[in-house]
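Analysis of the macromolecular model
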Amino acid sequence: MAVKTISVEMLAKMFLAGAQNIEAKKEFINELNVFPVPDGDTGTNMSLTIMSAAKEVTALENMDMKSLAKAISSGSLRGARGNSGVILSQLLRGFTKAVRDEKEVNVKILAAACERAKDTAYKAVMKPKEGTILTVARGIAEKAAVLAEETEDLEEFIPALLEEGDAVLARTPEMLPVLKEAGVVDSGGQGLMEVLKGAYDAFLGKEVDYSAISAEGAGSSMTKVSAEEAADIKFGYCTEFIIMTEREFTENDEMEFKAYLESIGDSIVCVADDDVVKIHVHTNDPGLAIQKALTYGQLSRMKIDNMREEHQEKLIRDSQKLAQQQKEEDQKKKSAEPRKPMGFITVSIGEGLNSVFRELGADYIIEGGQTMNPSTEDMLNAIEHVNADAVFILPNNKNIVLAANQAKALVKDKEIVVIPTKTVPQGITAIISFMPEAGVQENEETMLEAIKNVKSGQVTYAVRDTRIDDKEIHEGDIMGIGDSGILAVGQDIEKTAVEMLEQLVDEDSELISIYYGEEVNEEAAQNFVAEIEEKYPDLDVDAHYGGQPIYYYVLAVE
């Protein structure tokens, strides 16, 4: 019997199942990333984006199509991270706009939703590139339009769309040479297919584990808790179970078992009632308690909680609460100050780089970058805390520009200007170029012109074997990455950095800026700087401690 409609309850289940599936497959998707750098990759960004929406969906009460559509659209827009996450959020936004006024969804509505999803995502990207998630979405939308004229049966319609999506995905290496060279399909397109396949599982009635989805939101950063605080807990695992005895559990048995439990832990409860014994113990080895209990009978209702982890989570919640209170107090103080004409938000990571931006006048620093792309929500929170009529945002990473633009579109009470800085050196040059006496438009033009003169380089390590830019790369190799791709590959950090720098410096170069990371000791950095000064005596060499993770050196040539 044909299935012709999807109810709001089923659509919600399908969405949550899609979110759960990409969460489960995110590492597989990360492995498809062409660049073998230790970033927050495509799978991670798409998973965090859709999970933000999933948490809003699970918190809904008295759900109807309009409230479901709003939760999916709003949650994904605010939670969007990285280019792939922003594009996914736009696909979801377009899809929900097409269904929000419906009571249930049929083939024709679903086809229209696929078309609107595709159109919305394409419009969000300034220069759409084929061979990506956009291409896969377009292929699905085109197939949906054809199928909607041929069948009303969703059991035929949905699997045919998945088949088409897989076929388009398989062709992406033919559209993007870089994919073909690396021997992978597009990671964003793969992520989209995982969402759709998870949704189809729910449509078929398969059991889906939704345990990764919680109605409680998750912050973009984690507060560290000292090992000393957690060490105050002597026995780390709260262990509970019931013994269903296979013989009489005597008073001597009870005394013997209690004595054993006292030898391996504390907070002991041992209560016998006929052929059932309830046990509770705090211990560092739950397995010992379980093994001993099995000598008396079978076990039921076993529960083991890591109390140190719970303690850390409590401390984290407490510290986050204090941080939020501090933010609110700071905001009240700032609100009391006169609103200034222009302010700055910058994305940065590393104690040294953060200090550089603060000294140059940044009002708010969002911790993030390559290792964790900030979400649109992070951008909105930062904008709220900058007491200025106009706010310049410096994303400092090409994978964060779309999220910044998405935040800009959601803000109505301030003028937001996104300077599309793709590297930290570009961001530093942009903020140095700022002229307080000039207007917003003049400053925007000045900064856009200034960042054109910056050539950036970053030195990091490869996390997997691959081939890219005609270079054979093996896990653990050192890579020098420029604005246009991988410029050098080697075994030595400083030698690779020098080789990369040789391709950045030309006859017009005047300044080399060097920011060394947290894994580079000061002596090694000083020796490297001395080598560069000797190699380029006619250029100014400016060196700073950046403290950035992952990247040994961040370099700029101007």
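Treat the numbers as computed from the prediction; the structure is a model and nothing was measured. (Residues numbered from 1 in each chain as written. Predicted model: local features only at pLDDT ≥ 70, side-chain atom pairs only at ≥ 80, totals over all residues. Heavy atoms only, no water.)

**Quick notes on empty space enclosed by the protein**
What counts is decided by this rule: Here a cavity means grid points, on a 1 Å grid over the protein atoms only, where a 1.4 Å probe fits yet cannot get out; a pocket means an open set of points with protein on both sides within 12 Å along at least five of seven lines; lining residues are those with an atom within 4 Å of a point. Grid points are joined across faces, edges and corners, and a volume is the space filled by probe spheres set on the points. Counting from the N terminus, the helices are the DSSP runs of H or I reaching at least four residues and the strands are the DSSP runs of E reaching at least two. Polar here means any residue outside two lists: the nonpolar Ala, Val, Leu, Ile, Met, Phe, Trp, Tyr, Cys and Pro, and the charged Asp, Glu, Lys and Arg; Gly therefore counts as polar.
Here the structure, examined in full by the defined rule, presents 1 cavity of 30 Å³ or more. Within this model, the largest cavity holds a volume of roughly 590 Å³. Lining the largest cavity are 28 residues, with Phe95, Leu110, Cys114, Leu196 and Ala199 sitting closest to its centre. Counting only elements with at least two residues in the lining of the largest cavity, the list comes to helix H1 (8-30), helix H3 (65-79), helix H4 (82-99), helix H5 (107-124), helix H6 (133-147), helix H7 (154-175) and helix H9 (187-203). By residue number, the principal contributor to the lining of the largest cavity is H4, which donates 6 residues. For the lining of the largest cavity, the per-class residue count stands at 26 nonpolar, 2 polar and no charged.

**Observations concerning the pattern of salt bridges**
Selection rule: The term salt bridge refers to a side-chain nitrogen of Lys or Arg lying within 4 Å of a carboxyl oxygen of Asp or Glu. For every residue, the accessible area obtained with a 1.4 Å probe (protein chains only) is divided by the maximum for its type, and the residue is called buried under 20%, exposed over 50%, and partly exposed between those limits.
This model, assessed by the stated rule, comprises 23 salt bridges. With its nearest N and O atoms 3.7 Å apart, the salt bridge here joins lysine 108 to glutamate 149. Of the two residues, lysine 108 sits in helix H5 while glutamate 149 sits in the loop between H6 and H7, which places them 41 residues apart along the sequence. In this structure, lysine 452 engages glutamate 449 in a salt bridge whose closest nitrogen and oxygen atoms are separated by 3.4 Å. Using a relative accessible area of 45% as the deciding quantity, one classes glutamate 449 as partly exposed.

**Regarding the packing of aromatic side chains**
Note the cut-off: For Phe, Tyr and Trp, rings pair up if their centres lie within 6.5 Å, where Trp contributes its six-membered ring, and each pair is then called stacked (planes under 30 degrees apart), edge-to-face (over 60) or tilted (otherwise).
Evaluation of the coordinates by the stated rule reveals 9 aromatic pairs. Their ring planes at 55° and their centres at 5.4 Å tell us that phenylalanine 257 and tyrosine 296 sit as a pair that is tilted. On the criterion of sequence distance, the pair formed by phenylalanine 257 in helix H11 (residues 251-264) and tyrosine 296 in the loop between helix H12 (286-293) and strand S4 (297-306) is long-range, its members being 39 residues apart. Chaining the aromatic ring pairs together yields one cluster made of Phe249, Phe257 and Tyr296.

**What about the packing of helix H14 (residues 351-359) against helix H17 (residues 424-432)?**
Defined as follows: Axis definition: a line fitted to C-alpha atoms, limited for helices to the stretch in contact. Angles are taken between N-to-C directions and run from 0 to 180 degrees. Orientation labels follow simple angle bins: below 35 degrees gives roughly parallel, above 145 gives roughly antiparallel, 65 to 115 gives roughly perpendicular, and whatever is left gives oblique. For any pair of crossing helices, the crossing counts as left-handed if the nearer helix is rotated counterclockwise from the farther one by less than a right angle, and right-handed if it is rotated clockwise. In this description, contact between two residues means that some pair of their heavy atoms is separated by no more than 4.5 Å.
The geometry of H14 relative to H17 is characterised by a closest axis approach of 10 Å and an angle of 20° between their N-to-C directions. Classified by the angle between their axes, H14 and H17 sit roughly parallel to one another. In the crossing of H14 with H17, the sense of the turn from one axis to the other is left-handed. Residues Leu353, Val356 and Phe357 of H14 pack against Val424, Gly427, Ile428 and Ile431 of H17. Looking at the contact of H14 with H17 residue by residue, the classes come out as 6 nonpolar, 1 polar and no charged.

**A few points about the sheet that holds strand S13 (residues 485-490)**
As a reminder, the rule being used: In short, DSSP must find at least two bridges between two strands for them to pair.
Pairing within the open sheet is mixed, and its 6 strands lie in the order S13-S12-S9-S16-S14-S15. Two strands in the sheet have a free side with no partner beyond their single neighbour: S13 and strand S15 (540-545). The average undirected angle you get between the axes of adjacent strands in this sheet is 20°. With 5 bridges connecting them, strand S9 (residues 455-461) and strand S16 (residues 553-557) associate as antiparallel partners. The residue bridging glutamine 458 from the neighbouring strand is valine 554, located in S16. Helix H19 (residues 493-504) rests against S9, strand S12 (478-482), S13, strand S14 (511-516) and S16 of the sheet, and its axis sits at about 145° to S13.

**With respect to the side chain of asparagine 21**
Along the chain, asparagine 21 falls in helix H1. If we ignore the near neighbours within four places in the chain, the residues touching asparagine 21 are Glu194, Lys197 and Gly198.

**Comments concerning the environment of serine 300**
Note that serine 300 resides in strand S4. Between the C-alpha atoms of serine 300 and methionine 244, which are 56 residues apart in sequence, the distance is 7.3 Å. Beyond its immediate chain neighbours, meaning those up to four positions away, serine 300 contacts Phe241, Ile242 and Met244.

**Regarding the packing of H3 against H4**
Where H3 meets H4, the closest approach of the two axes is 9 Å, and the angle between their N-to-C directions is 165°. In this view, H3 runs roughly antiparallel relative to H4, as classed from their interaxial angle. The two elements H3 and H4 cross, and the hand of that crossing is left-handed. In contact with Met65, Ala69, Ile72, Ser73, Ser76 and Leu77 of H3, H4 contributes Ser89, Gln90, Leu92, Arg93, Thr96 and Val99. The class makeup of the residues in the contact of H3 with H4 is 6 nonpolar, 5 polar and 1 charged.

**Brief notes about the confidence of the model for the chain**
Put simply, the test is: The pLDDT score gives, residue by residue, the confidence of the prediction method on a 0 to 100 scale.
In this model, the chain carries a mean pLDDT of 86, and residues with pLDDT of at least 70 account for 87%. Predicted confidence for residues 215-232 stays below pLDDT 50, and this span has 22 contacts to residues more than four positions away or in other chains.

**Comments concerning a negative patch on the surface**
Convention followed: Like charges within 9 Å and nonpolar side chains (Val, Leu, Ile, Met, Phe, Trp, Tyr) within 5 Å are joined into patches, using only residues over 30% in relative accessible area that form no salt bridge. The method behind every accessible area is Shrake-Rupley, applied with a 1.4 Å probe, and residues are considered shielded solely by the protein chains displayed. Charged residues are defined narrowly, with Lys and Arg counted positive, Asp and Glu counted negative, and His plus the chain ends left uncounted. For this purpose, a charge sits on NZ of Lys, CZ of Arg, CG of Asp or CD of Glu.
Taken together, the side chains of Glu507, Asp508, Glu510, Asp540 and Asp542 define an acidic patch exposed on the protein surface. Here glutamate 507 lies in the loop between H19 and S14.

**Some points on the environment of leucine 402**
Along the chain, leucine 402 falls in helix H16 (residues 401-410). Residue leucine 402 is classed as buried on the basis of its relative accessible area, which comes to 15%. Residues leucine 402 and alanine 124, spaced 278 residues apart in sequence, show a C-alpha to C-alpha distance of 8.1 Å. Ignoring any residue separated from it by four or fewer positions in sequence, one finds leucine 402 in contact with Asn83, Val86, Ile87 and Ala124.

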